[in-house]
Amino acid sequence: MGEVVEISSNPTTPKPVSDAPSPPISAPPSQYHSPSLSRSPLLTTDDLTQIDITNKTPKSSTPKRSLTPSFITPLGSPIRRALHLTKLDPQDAWLPITESRNGNVYYAAFHTLCSGIGIQALILPVAFTILGWTWGIISLTVAFIWQLYTLYLLVEMHESIETGLRYSRYLQLFSATFGDKLTKLLAGFPIMYLSAGTNVALIIIGGSTSKTFFQILCGLTCTAKPLTPVEWFLVFTSAAVLLSQLPNLNSIAGVSLIGAITAIGYCTLIWVISVAEGRLPIVSYKTVQANTQIAQVFSVLNALGIIAFAFRGHNLVLEIQATMPSSEKHPSRMPMWRGVKFAYLLVAMCLFPLAIGGYWAYGQMIPPNGGMLTALYAFHGRDTSQFILGLTSLFVIISALSSFQIYGMPIFDVMESVYTRRKKQACPWWLRATIRAMFGYGCFFVAVAIPFLGSLAGLIGGIALPVTLAYPCLMWLKIKKPKMYSTMWWLNWGLGVLGLALSAVLTAAGIYVIIDTGIQVNFFKPQ
């Protein structure tokens, strides 16, 4: 990467020297470059040779032409004073996240919305049974504003005007900020879980909902032999693997659009039906009290973990932004932030009615496992149109299939990068198909082995919380270096430290609640 080829030109035919000034050359805006997967930056003063672009009068009568190619323009700031030539890492053109960079604000909104609304939002009323009305709404509002702020920080840090680098993956940005050792120690597991673990949960939800959808279609008098839960998991996984053969992140924009529409659809249908049917006759809003004071404290913390777990997608925002073209004149952060704002307006319109309307309708009767979806079938399965129930189930299945694609893309990217680093070429189609099939059916095996993964929402929310609420603030401090004791300095230090502390406390609370209350452990026995 440090090799630089010096370019010189000695024309064989002398040309007369003209005193007239040369006309200015108009060049297109320079593109931001993405760092290689080896974490080595592309523009470094140690490895690159500064090129002198000042015209000097030679001793001979034959003038030399400028050494700077006409297609290169400075990026601004220090680069504007010293142009650097560098060899670009071709791996970005071979990997699924950065293979296509023709995305736009609409694609960004589709991907962000599809990744931002998930089935975990349906258990938000469970947190309200412990926190109550006031603290439940306050906690949900604070979490929403906090995570929207950290999303803004990530969008701003995706590209550096000073160096011209684009950080196209969350782990790349974290590694460039804190180094490889801390990346493996602090960010590796949460990021990988938020991709692979989410896909395991989607198989569990999609498979079980497929079973319910079949029962609704078949009716009470159906004589057809139903599939077993494991077989439903396999059907859902096979459909997800088939859909995962789309080559790159931009190619699934239509899938993300369908996933976003269906996610909004089932969220709206569930809370509208629940509110329209009215409160249950024995509904109560008295908060659930534990036997001991310490158990009550941990229950409250576990409820906060459930709220934190409802907000997801921060591990994908840099990857989504990487699909968009970017230049000094038209940086990708502007259309990306417009797409994020639109997407999270719709996210808020889904999450807040679900939490508030669900708690109003069911109170303490809300099932802790499955949340609003289970409550809809349990309490309104007989007095609600079977068409509406079937449509809701179908929306959940389609949304889960769509979310599987976008959450699996970072894993596909990592797995394919192993091949491209070694072979210095793109993955052939048969290897790419094999890698994605192996990942999909690997998630299927885990889903069958641990079908109670949804019961660990509080614990998982605590483990993954720094990725959403803490790390972006700390990376902003390290990269942007705001003035010490300024408002941004205090704000990001406060949120970063608070996020790390909350993660530790919520993780401990999740473990305590699991040990104290217990969960129904049924290895290899999905319901």
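Since the structure is predicted, the reported quantities are computational estimates derived from the model, not experimental observations. (Residues numbered from 1 in each chain as written. Predicted model: local features only at pLDDT ≥ 70, side-chain atom pairs only at ≥ 80, totals over all residues. Heavy atoms only, no water.)

## Digging into the overall build of the protein
Right, so step 1: Helix and strand counts for the protein stand at 15 helices and zero strands.
Right, so step 2: Here the protein, with 527 residues, has 51% of them falling under the buried criterion.
Right, so step 3: Here the contacts in the protein between residues at least 6 apart in sequence split such that 85% fall between residues at least 24 apart.
Right, so step 4: As presented, the protein carries roughly 25,200 Å² of accessible surface, and 66% of it is formed by carbon and sulfur atoms. (Helix = DSSP H or I, 4+ residues; strand = E, 2+ residues; numbered from the N terminus. Buried < 20%, exposed > 50% of the residue type's maximum accessible area, 1.4 Å probe, protein only. Contact = heavy atoms within 4.5 Å. Areas by Shrake-Rupley, 256 points an atom, 1.4 Å probe, with all protein chains shown as cover.)

## Considering a positive patch on the surface
Right, so step 1: A grouping of Arg421, Arg422, Lys423 and Lys424 is seen on the molecular surface, where their side chains present a positively charged patch.
Right, so step 2: Turning to its location among the elements, lysine 423 is positioned in helix H12 (residues 386–423).
Right, so step 3: Residue classification places lysine 423 among the exposed positions, given a relative accessible area of 51%. (Patch = residues over 30% accessible without salt bridge, like charges linked within 9 Å, V, L, I, M, F, W, Y side chains within 5 Å. Salt bridge = Lys/Arg side-chain N within 4 Å of Asp/Glu carboxyl O. Lys, Arg positive; Asp, Glu negative; His and termini not counted. Charge placed at Lys NZ, Arg CZ, Asp CG, Glu CD.)

## Section: unusual backbone geometry
Right, so step 1: The backbone of lysine 424 sits at a positive phi, close to 60 degrees, despite the residue not being glycine.
Right, so step 2: Take lysine 424: it is sitting in the loop between H12 and helix H13 (429–449).
Right, so step 3: Relative accessible area serves as the criterion here: at 59%, lysine 424 is assigned to the exposed category.
Right, so step 4: Within the chain, tyrosine 485 stands out as a residue other than glycine whose phi angle is a positive 70 degrees.
Right, so step 5: Positionally, tyrosine 485 belongs in the loop between helix H14 (457–480) and helix H15 (487–517).
Right, so step 6: For tyrosine 485, a relative accessible area of 55% puts it in the exposed group.

## Some details on the state of the cysteines
Right, so step 1: In this structure the tally under the stated criterion is zero disulfides.
Right, so step 2: Not part of a disulfide, cysteine 350 finds its nearest cysteine sulfur in cysteine 267, a span of 4.7 Å. (Disulfide = S-S within 2.5 Å.)

## So, the pattern of salt bridges
Right, so step 1: Under the criterion given, the structure shown has eight salt bridges.
Right, so step 2: Here arginine 432 ties to glutamate 99 by a salt bridge, and the two come within 3.6 Å at their closest N and O atoms. Taken together, the residues arginine 432 in helix H13 and glutamate 99 in the loop between helix H1 (78–81) and helix H2 (105–116) connect sequence positions 333 residues apart.
Right, so step 3: When its relative accessible area of 11% is taken as the criterion, arginine 432 is described as buried.
Right, so step 4: A relative accessible area of 31% means that glutamate 99 is categorised as partly exposed.
Right, so step 5: As a salt-bridge pair, arginine 333 and glutamate 159 come within 3.7 Å of each other at their nearest N and O atoms. Taken together, the positions of arginine 333 in helix H10 (residues 333–362) and glutamate 159 in the loop between helix H3 (124–157) and helix H4 (170–178) put the pair 174 residues apart, joining distant regions of the chain.
Right, so step 6: With relative accessibility at 2%, the residue glutamate 159 sits in the buried group.
Right, so step 7: One connected set of salt bridges, linked through shared partners, spans Asp92, Arg101, Arg169 and Asp413.

## A closer look at the environment of alanine 400
Right, so step 1: Following the sequence through the fold, alanine 400 ends up in helix H12.
Right, so step 2: The sequence separation of alanine 400 and isoleucine 119 amounts to 281 residues, and the corresponding C-alpha distance is 8.1 Å.
Right, so step 3: Once residues lying within four places of it in the same chain are set aside, the contact partners of alanine 400 are Leu202, Gly206 and Phe236.

## A few points about the confidence of the model for the protein
Right, so step 1: Per-residue pLDDT for the protein averages 82, and the proportion of residues at 70 or more is 80%.
Right, so step 2: Low pLDDT, under 50, characterises residues 1–30; the predicted model gives this stretch 35 contacts beyond four residues in sequence or across chains.
Right, so step 3: Between residues 36–88, whose pLDDT stays under 50, and residues either more than four places distant or in other chains, the model counts 93 contacts. (pLDDT = per-residue confidence, 0-100.)

## Re the side chain of arginine 169
Right, so step 1: Counting through the fold element by element, arginine 169 comes out in the loop between H3 and H4.
Right, so step 2: Relative accessible area serves as the criterion here: at 6%, arginine 169 is assigned to the buried category.
Right, so step 3: Reaching out from arginine 169, the side chain makes a polar contact with the side chain of threonine 98 at a distance of 3.3 Å.
Right, so step 4: Polar contacts involving the side chain of arginine 169 include one to the side chain of aspartate 413, which spans 2.7 Å. (Polar contact = N/O pair within 3.5 Å; in protein donor to acceptor, adjacent residues only side chain to side chain.)

## A short note on helix H5 (residues 180–218)
Right, so step 1: In a regular helix each residue adds 1.5 Å, so 39 residues correspond to 57 Å; H5 covers 54 Å between its end C-alpha atoms and thus fits that length.
Right, so step 2: The sharpest bend along H5 measures roughly 50 degrees and falls at alanine 187, with the proline proline 190 sitting one to four residues further on.
Right, so step 3: Once H5 finishes, glycine 219 follows within two positions and takes phi at roughly 85 degrees, a positive value. (Expected span 1.5 Å × (residues − 1). Bend = angle between axes of the 7 residues up to and from the residue.)

## Points about H2
Right, so step 1: The first and last C-alpha atoms of H2 sit 16 Å apart over twelve residues, in line with the 16 Å expected at 1.5 Å per residue.
Right, so step 2: Buried residues belonging to H2 abut helix H7 (253–276), helix H8 (293–310), helix H9 (317–321), H10 and H12.
Right, so step 3: Its side-chain oxygen at 3.0 Å from the backbone nitrogen of tyrosine 106, asparagine 104 defines the N-terminal cap of H2.

## A look at a nonpolar patch on the surface
Right, so step 1: Where nonpolar side chains cluster on the molecular surface, the patch consists of Trp135, Ile138 and Val142 and spans about 310 Å² of accessible area.
Right, so step 2: Within the secondary structure, valine 142 sits in helix H3.

## Some thoughts on the packing of aromatic side chains
Right, so step 1: Within this structure, the stated rule accounts for 19 aromatic pairs.
Right, so step 2: Residues phenylalanine 214 and tryptophan 232 carry aromatic rings whose centres are separated by 5.7 Å and whose planes lie at 50 degrees to one another, so their mutual orientation is tilted. Of this pair, phenylalanine 214 sits in helix H5 while tryptophan 232 is found in helix H6 (residues 229–243), placing the two residues 18 residues apart along the sequence.
Right, so step 3: Phenylalanine 214 gets classed as partly exposed once you look at its relative accessible area, which sits at 26%. (Phe/Tyr/Trp six-rings, centres within 6.5 Å; stacked < 30°, edge-to-face > 60°.)

## Quick word on the packing of helix H11 (residues 371–380) against H12
Each pair of packed helices can be summarised by the angle the axes make with each other and by the distance between the axes.
Right, so step 1: H12 packs onto H11 with a crossing angle of 165 degrees between their chain directions and a minimal axis gap of 12 Å. On the basis of their axis angle, the class for H11 and H12 is roughly antiparallel. Here H11 runs over H12; the crossing is left-handed. Contacts between H11 and H12 involve Leu373, Leu376, Tyr377 and His380 from the first element and Leu389, Thr392, Ser393 and Val396 from the second.
Right, so step 2: Residue composition of the contact of H11 with H12, by class: five nonpolar, three polar and no charged. (Axes fitted to C-alpha atoms, helices over the stretch in contact; angles between N-to-C directions. Parallel < 35°, antiparallel > 145°, perpendicular 65-115°, else oblique. Left-handed = near helix turned anticlockwise from the far one by under 90°. Nonpolar A, V, L, I, M, F, W, Y, C, P; charged D, E, K, R; others polar.)

## A word on the environment of cysteine 267
Right, so step 1: Positionally, cysteine 267 belongs in helix H7.
Right, so step 2: As a C-alpha pair, cysteine 267 and proline 353 span 86 residues in sequence and 8.8 Å in three-dimensional space.

## Details of the packing of H12 against H13
Right, so step 1: At their nearest, the axes of H12 and H13 sit 10 Å apart, and the two run at 125 degrees to each other. It follows that H12 is oblique to H13 by the angle criterion. The way H12 lies across H13 gives a crossing that is right-handed. Contacts between H12 and H13 involve Phe404, Gly408, Met409, Ile411, Phe412, Met415, Glu416 and Tyr419 from the first element and Leu431, Arg432, Ile435, Arg436, Phe439 and Gly440 from the second.
Right, so step 2: For the contact of H12 with H13, a count of residues per class yields nine nonpolar, two polar and three charged.

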